[in-house]
Amino acid sequence: MFIVAGTLYVDPARRDAYLASCTDVIRAARSAPGCVDFAVSADLVEPGRINVYERWESDEQLLDFRGAGPDGEQAATILGAEVHKFRISGVEAP
């Protein structure tokens, strides 16, 4: 299992529209085989920042879902990104 997490940056004036355009993708991801969790949300402090969190069972399942990545319009809206894959070696209660 692994986590994909990080931040996307968009024009603050376009953030709400970008997030609204993610609704169908979020629903599709959450119902995709191997997806444990998938969330994209507005940051409460930085107006152009979007937080990304995904948890997947396998690389293959992520790649099957993701395909070529975001559509052209979404990709054009992203001004910057810092997203990484984190391998999980163990899970315990906080």
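What counts, and where the lines are drawn
Residues numbered from 1 in each chain as written. Predicted model: local features only at pLDDT ≥ 70, side-chain atom pairs only at ≥ 80, totals over all residues. Heavy atoms only, no water. Helix = DSSP H or I, 4+ residues; strand = E, 2+ residues; numbered from the N terminus. Rg over C-alpha atoms; globule rule 2.2 N^0.38 Å. Buried < 20%, exposed > 50% of the residue type's maximum accessible area, 1.4 Å probe, protein only. Contact = heavy atoms within 4.5 Å. Areas by Shrake-Rupley, 256 points an atom, 1.4 Å probe, with all protein chains shown as cover. Lys, Arg positive; Asp, Glu negative; His and termini not counted. Charge placed at Lys NZ, Arg CZ, Asp CG, Glu CD. Phe/Tyr/Trp six-rings, centres within 6.5 Å; stacked < 30°, edge-to-face > 60°. Lys NZ or Arg CZ within 6 Å of the ring centre and 35° of its normal. Salt bridge = Lys/Arg side-chain N within 4 Å of Asp/Glu carboxyl O. Pairing = 2+ DSSP bridges. Axes fitted to C-alpha atoms, helices over the stretch in contact; angles between N-to-C directions.

K.L.:
Give me the lowdown on the overall build of the protein, citing residues and values where you can.
P.N.:
Assigned secondary structure in the protein consists of four helices and four strands. Counting from the amino terminus, the protein carries its helices and strands in the arrangement β-α-α-β-β-α-α-β. A globule of 94 residues ought to have a C-alpha radius of gyration of about 12 Å, and the protein, at 14 Å, matches this closely. Taken along its principal axes, the extent of the C-alpha atoms in the protein is 40 × 30 × 20 Å. For the protein, the proportion of its 94 residues judged to be buried stands at 31%. Looking at the protein alone, contacts between residues at least 24 apart form 69% of all its contacts between residues at least 6 apart. When the accessible surface of the protein is totalled, it reaches about 6100 Å², and 54% of it is carbon and sulfur. Measuring between centres, the 9 positive side-chain charges of the protein sit 1 Å from its 15 negative side-chain charges.

K.L.:
Please provide a residue-by-residue account of the packing of aromatic side chains, values included.
P.N.:
Enumeration over the complete set of coordinates arrives at two aromatic pairs. With centroids separated by 6.1 Å and ring planes inclined at 70°, the aromatic side chains of Phe38 and Phe65 adopt a geometry described as edge-to-face. Of the two residues, Phe38 is situated in strand β2 (residues 35–42) and Phe65 in helix α3 (residues 59–66); the sequence distance between them amounts to 27 residues. In this structure Phe38 comes out as buried when scored by relative accessible area, which is 6%. When the ring centre of Phe2 is taken as origin, the NZ or CZ atom of Lys85, which lies over that ring, is 4.9 Å away. The ring of Phe2 has Arg87 sitting right over it, with the charged end atom 5.1 Å from the ring centre.

K.L.:
Account for the environment of Ser58, with residues named and values stated.
P.N.:
Structurally, the position occupied by Ser58 is in the loop between β3 (49–56) and α3. Overall, the relative accessible area of 18% leaves Ser58 in the buried class.

K.L.:
Can you break down the pattern of salt bridges residue by residue, with the values?
P.N.:
Counting across every chain of the model gives six salt bridges. Notably, a salt bridge pairs Arg49 with Glu46, separated by 3.2 Å at the nearest N-O pair. Taking the relative accessible area as the measure of exposure, Arg49 reaches 22% and is therefore partly exposed. Where salt bridges share partners, they join Asp43, Glu46 and Arg49 into one cluster.

K.L.:
Summarise the sheet that holds β2; cite the residues concerned and give the values.
P.N.:
What the four strands build is an open sheet, ordered β2-β3-β1-β4; its pairing is antiparallel. The sheet is open, and its two edges are formed by β2 and β4 (78–87), each paired on a single side. Averaged over neighbouring strand pairs, the angle between their axes works out to 10° when direction is ignored. Strand direction decides the pairing type here: strand β1 (residues 2–10) and β3, joined by eight bridges, are antiparallel. Each residue of the ladder has a partner; that of Ile3, found in β3, is Arg55. Sitting on the sheet, helix α2 (residues 23–31) touches β2 and β3, and the angle it makes with β2 is about 160°. α3 rests against β1, β2, β3 and β4 of the sheet, and its axis sits at about 130° to β3.

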